[in-house]
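# Residue-level structure breakdown
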Amino acid sequence: MDENKIAFLKNRLFRYLKLRFRTEKEVFLYLKKIVKQKNLPPSIIEKLVSKSKRIGLIDDKKFIELYVSDRVNLKPKGKKLLIYELKKKGIDEQLIEEYFAEHDLNEEDLAKKSILPRWQRLRKWGKNKRAEKALRFLLSRGFSYEVARKVIEKMNNE
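Model, not experiment: these values are computed from the prediction.

### Remarks on the packing of helix α7 (residues 107-122) against helix α8 (residues 127-140)
The interhelical angle for the contact between α7 and α8, taken along N-to-C directions, is 145°, at an axis separation of 10 Å. The handedness of the crossing between α7 and α8 comes out as right-handed. Mapping the contact onto sequence places A111, S114, I115, R118, W119 and L122 in α7 and R130, K133, A134, F137 and L138 in α8. Looking at the contact of α7 with α8 residue by residue, the classes come out as seven nonpolar, one polar and three charged.

Encoded structure:
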């Protein structure tokens, strides 16, 4: 195979990985698209992906850690929604289960952190309507009904 084509594909891969950390599936799909556009042999994809994994450019375990950390700090979501999003990104279910078995999320704190910015705006509604709107919001963020109800109850009592 032509060395220029390999170098071209490597450069595109490095630029893609430079933007943010990626999952193995994301990288595979990206390379597949380029290989198809440039009429390159598909066998090169597997070689590039495995080499990138060997040297640490692609690591799904590390991706999970970074992703969950970002979500917890920037836009808190419940465990259920985090698991869904990770699966959607192509992360193996077993890796996700291992991560959450080792790292416990305090979903009540996350739910409170998530609803706090909205809570002031919801004060104009009556207690029941405010609780209903807050509950819907927290459920849409992947928190369980029990966690959402408990957080709303505590915030109503504060």
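Next, the rest of the story.
### As for the packing of aromatic side chains
A complete count under the given rule lists three aromatic pairs for this structure. Aromatic pair F63 and Y67: ring centres 5.7 Å apart, planes at 20°, arrangement stacked. Taken as a pair, F63 and Y67 lie in helix α4 (residues 60-74) at a separation of four residues, close to a single helical turn. Note on accessibility: F63 and Y67 belong to one class, buried. Sitting over the face of the ring of Y16, R22 holds its NZ or CZ atom 3.8 Å from the ring centroid. A cation sits over an aromatic face here: K133 above W125, 4.7 Å from the ring centre.

### What about α7?
An ideal rise of 1.5 Å per residue puts 22 Å on 16 residues; α7 measures up with 21 Å between its terminal C-alpha atoms. A maximum bend of about 50° is found in α7 at L116, where proline P117 lies one to four positions downstream. Looking at the buried side of α7, the elements it contacts are α4, α5 (79-88), α8 and α9 (145-157).

### Some remarks on the environment of K88
Structurally, K88 can be placed in helix α5. Each C-alpha atom of the pair K88 and K25 lies 9.9 Å from the other, and the pair is 63 residues apart in sequence.

### Considering the packing of α7 against α9
The geometry of α7 relative to α9 is characterised by a closest axis approach of 9 Å and an angle of 55° between their N-to-C directions. Between α7 and α9, the crossing angle belongs to the class labelled oblique. Remark: the crossing between α7 and α9 carries right-handed chirality. Contacts between α7 and α9 involve E107, E108, A111, K112, I115, L116 and W119 from the first element and V147, K150, V151, I152, K154, M155 and N156 from the second.

### Considering helix α3 (residues 43-54)
Over its 12 residues, α3 extends 17 Å from the first C-alpha to the last, a length consistent with the 16 Å expected when each residue adds 1.5 Å. Residues I44, I45, L48, V49 and S52 constitute the buried set of α3. In a view along the axis of α3, the buried residues occupy a sector of 130°, so they form one face of it. Residues of α3 that are exposed and point more than 90 degrees away from the buried face comprise K47 and R54. Here the buried face of α3 lies against α1 (3-19) and α2 (24-38). At the C-terminal side of α3, G56 shows a positive phi close to 90°.

### Topic: the pattern of salt bridges
The full count for this structure, using the stated rule, is 10 salt bridges. For the salt bridge of E26 with R20, the shortest nitrogen-to-oxygen distance reads 2.9 Å. Since its relative accessible area comes to 13%, E26 is described here as buried. In this structure, the salt-bridge partner of E85 is R71, at a minimum N-O distance of 3.4 Å. With E85 in helix α5 and R71 in helix α4, this residue pair connects regions lying 14 residues apart in the sequence. Here R71 falls in the partly exposed class, since its relative accessible area comes to 23%.

Conventions used here
- Within any chain, residue numbers begin from 1 and follow the written order of that chain's sequence.
- Given that the model is predicted, a residue must reach a pLDDT of at least 70 before its local features are reported, and side-chain atom pairs must reach 80 or more before they are shown or counted; all residues, however, enter totals for whole chains, interfaces and linings.
- Side-chain measures here rest on the full set of heavy atoms in the structure, leaving out hydrogens and waters.
- Only the stretch in contact is used when fitting a helix axis, every axis being a line fitted to C-alpha atoms; angles between N-to-C directions are given from 0 to 180 degrees.
- Strands are runs of DSSP state E lasting at least 2 residues, helices are runs of H or I lasting at least 4, and numbering of each runs from the N terminus.
- Crossing handedness is read from the near helix: turned anticlockwise from the far helix by less than a right angle, it gives a left-handed crossing, and turned clockwise, a right-handed one.
- Residues are treated as being in contact if the distance between any of their heavy atoms lies within 4.5 Å.
- Each residue is assigned to one class: nonpolar for Ala, Val, Leu, Ile, Met, Phe, Trp, Tyr, Cys and Pro, charged for Asp, Glu, Lys and Arg, and polar for all the others, Gly among them.
- Here a Phe, Tyr or Trp ring, Trp counted by its six-membered ring, pairs with any other such ring whose centre lies within 6.5 Å, and the pair is stacked when the planes are under 30 degrees apart, edge-to-face when over 60, and tilted otherwise.
- Residue exposure (1.4 Å probe, protein chains only): buried if accessible area is under 20% of the type maximum, exposed if over 50%, otherwise partly exposed.
- A ring is considered to have a charge above it if a Lys NZ or an Arg CZ atom is located within 6 Å of its centre and within 35 degrees of its normal.
- Every helix has an expected span of 1.5 Å times one less than the residues it contains.
- The bend reported for a residue corresponds to the angle between axes fitted to the seven residues ending at that residue and the seven starting there.
- Reported orientations rely on four angle classes, namely roughly parallel under 35 degrees, roughly antiparallel over 145, roughly perpendicular from 65 to 115, and oblique for the rest.
- Note that the arc is computed from the directions linking the helix axis to the C-beta atoms.
- Any carboxyl oxygen of Asp or Glu within 4 Å of a side-chain nitrogen of Lys or Arg constitutes a salt bridge here.

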